[in-house]
Amino acid sequence: MAVALRFPADMEIELKDLGPGDSDWLVDQHGRLYAQSEGFDASFGALVADILQAFETEHDPGCERAFIAWQGGTRLGSVFCVRQDAQTAKLRLFLLVPQARGRGLGQRLLDACMGFARQAGYARMVLWTHESHRAACALYLKNGWACVSSKPVVSFGVPLVEQGWEVTL
């Protein structure tokens, strides 16, 4: 039985670096939430685990960063800025738990990620997502991102419309 999380409005939300237990939590949350909401199979959780393992073993803190949102002792979400090439950052693993949505935290995480990318000297950012992630796509559009590719695929055991987005920083 799931326990409803309650977040007092006056309790500050902190954005922290990737820390102990965060990777396991991210794999679990991505796997469970996307299985529930979109019917994704276990290959999605495996992809998230691969992305996190690569980040943990290869990332350069000068040009790559994870942001994990915490309120009190509870994780609420994440976003990662990783290097694609010298001029391009890639946004990855953008996630908010359902109880944290609609509170402006997605905008705060996106601002932190894009701000870090600018400070790190990137000229643009890219991301890969699915058309079904409507709230995230609306947030990207609101922040100057453009959808530059869209194609039907079968991924994670379900038919999807895969999208590529980018923004000039």
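Since this is a predicted model, take the numbers as computed values, not measurements. (Residues numbered from 1 in each chain as written. Predicted model: local features only at pLDDT ≥ 70, side-chain atom pairs only at ≥ 80, totals over all residues. Heavy atoms only, no water.)

Participant: I'm lost on the overall build of the chain in this one. Help?
Facilitator: The helix and strand tally for the chain stands at four helices and seven strands. In summary, the chain has a C-alpha radius of gyration of 16 Å against a globular reference of 15 Å for 169 residues, a match within 12%. Taking the principal axes of the C-alpha coordinates as reference, the chain spans close to 45 × 35 × 35 Å. Relative to its full complement of 169 residues, the chain shows a buried share of 44%. For the chain, the share of sequence-separated contacts (at least 6 apart) that also reach a separation of at least 24 residues comes to 66%. (Helix = DSSP H or I, 4+ residues; strand = E, 2+ residues; numbered from the N terminus. Rg over C-alpha atoms; globule rule 2.2 N^0.38 Å. Buried < 20%, exposed > 50% of the residue type's maximum accessible area, 1.4 Å probe, protein only. Contact = heavy atoms within 4.5 Å.)

Participant: Honestly, the pairing of strand β6 (residues 146-155) in this entry has me stumped. Any pointers?
Facilitator: As paired elements, β6 and strand β7 (residues 158-168) share nine bridges and run antiparallel to each other. Residue pairing across strands places Val154 opposite Pro159, the latter belonging to β7. If you look at the hairpin formed by β6 and β7, you'll find two residues sitting between the two strands, and Phe156 has a positive phi there, around 55°. (Pairing = 2+ DSSP bridges.)

Participant: Explain the state of the cysteines here, please?
Facilitator: A covalent bond bridging the sulfur atoms of two cysteines is what the word disulfide describes. Taken as a whole and judged by the stated rule, the model has zero disulfides. The structure places no disulfide on Cys63, whose sulfur is separated from the nearest cysteine sulfur, that of Cys81, by 8.1 Å. What makes Cys63 buried here is its relative accessible area of 13%. Summary of cysteine pairing: Cys113 is not part of a disulfide, and the nearest cysteine sulfur, belonging to Cys81, is at 4.6 Å. (Disulfide = S-S within 2.5 Å.)

Participant: What exactly am I supposed to notice about helix α2 (residues 42-58) here?
Facilitator: Since the α-helix packs 3.6 residues into each turn, any two residues three or four apart lie on the same face. Helix length check: α2 (17 residues) gives 24 Å between terminal C-alpha atoms against 24 Å at 1.5 Å per residue, within 8%. Along α2, the residues classified as buried are Phe44, Gly45, Val48, Ile51, Leu52 and Phe55. The buried residues of α2 all sit within an arc of 120° when viewed along its axis, so they share a single face. Seen from the open side of α2, the exposed residues pointing more than 90 degrees away from its buried face are Ala42, Asp50, Gln53, Thr57 and Glu58. (Expected span 1.5 Å × (residues − 1). Arc of directions from axis to C-beta.)

Participant: What exactly am I supposed to notice about the sheet that holds strand β5 (residues 124-130) here?
Facilitator: Adjacent strands of a sheet form backbone hydrogen bonds with each other and so pair up, either parallel or antiparallel. Read across the sheet, seven strands follow the order β1-β2-β3-β4-β5-β7-β6 without closing on themselves; strand pairing throughout is mixed. With one partner strand each, in any of the chains shown, β1 (13-16) and β6 form the two edges of the open sheet. Each neighbouring strand pair of the sheet contributes to a mean axis angle of 20°, computed without reference to strand direction. Both strand β2 (residues 65-71) and strand β3 (residues 74-85) contribute to a ladder of seven bridges, which runs antiparallel. (Axes fitted to C-alpha atoms, helices over the stretch in contact; angles between N-to-C directions.)

Participant: How should helix α1 (residues 22-38) be read in this particular structure?
Facilitator: Along its 17 residues, α1 runs 23 Å from first to last C-alpha, staying within 8% of the 24 Å computed at 1.5 Å per residue. Close packing links the buried residues of α1 with α2, β2, β3, β4 (88-96) and β7.

Participant: What exactly am I supposed to notice about unusual backbone geometry here?
Facilitator: Excluding glycine, residues mostly have negative phi values, and the peptide bonds linking residues are mostly trans. In the Ramachandran plot, Leu93 falls in the positive-phi region, its phi being about 50° despite a non-glycine side chain. Tracing the backbone shows Leu93 in strand β4. In this structure Leu93 comes out as buried when scored by relative accessible area, which is 9%. Backbone geometry at Phe156 places phi at a positive 55°, although glycine is not the residue there. Relative to the helices and strands, Phe156 resides in the loop between β6 and β7. Classification of Phe156 by relative accessible area gives buried; the value is 11%.

Participant: Help me understand the nonpolar core, please; the structure alone is not making it clear to me.
Facilitator: Residues Leu91, Met125 and Trp145 are the most contacted members of the largest nonpolar core, which totals 51 residues. Sort the elements by how many residues they give to this core and helix α3 (residues 105-119) lands first, with eight residues. Sequence-distant contacts of Trp145, defined by excluding residues within four places in its chain, comprise Leu91, Leu110, Met114, Met125, Val126, Leu127, Tyr140, Trp165, Glu166 and Val167. (Core = buried A, V, L, I, M, F, W, Y, C linked by side-chain atoms within 4.5 Å.)

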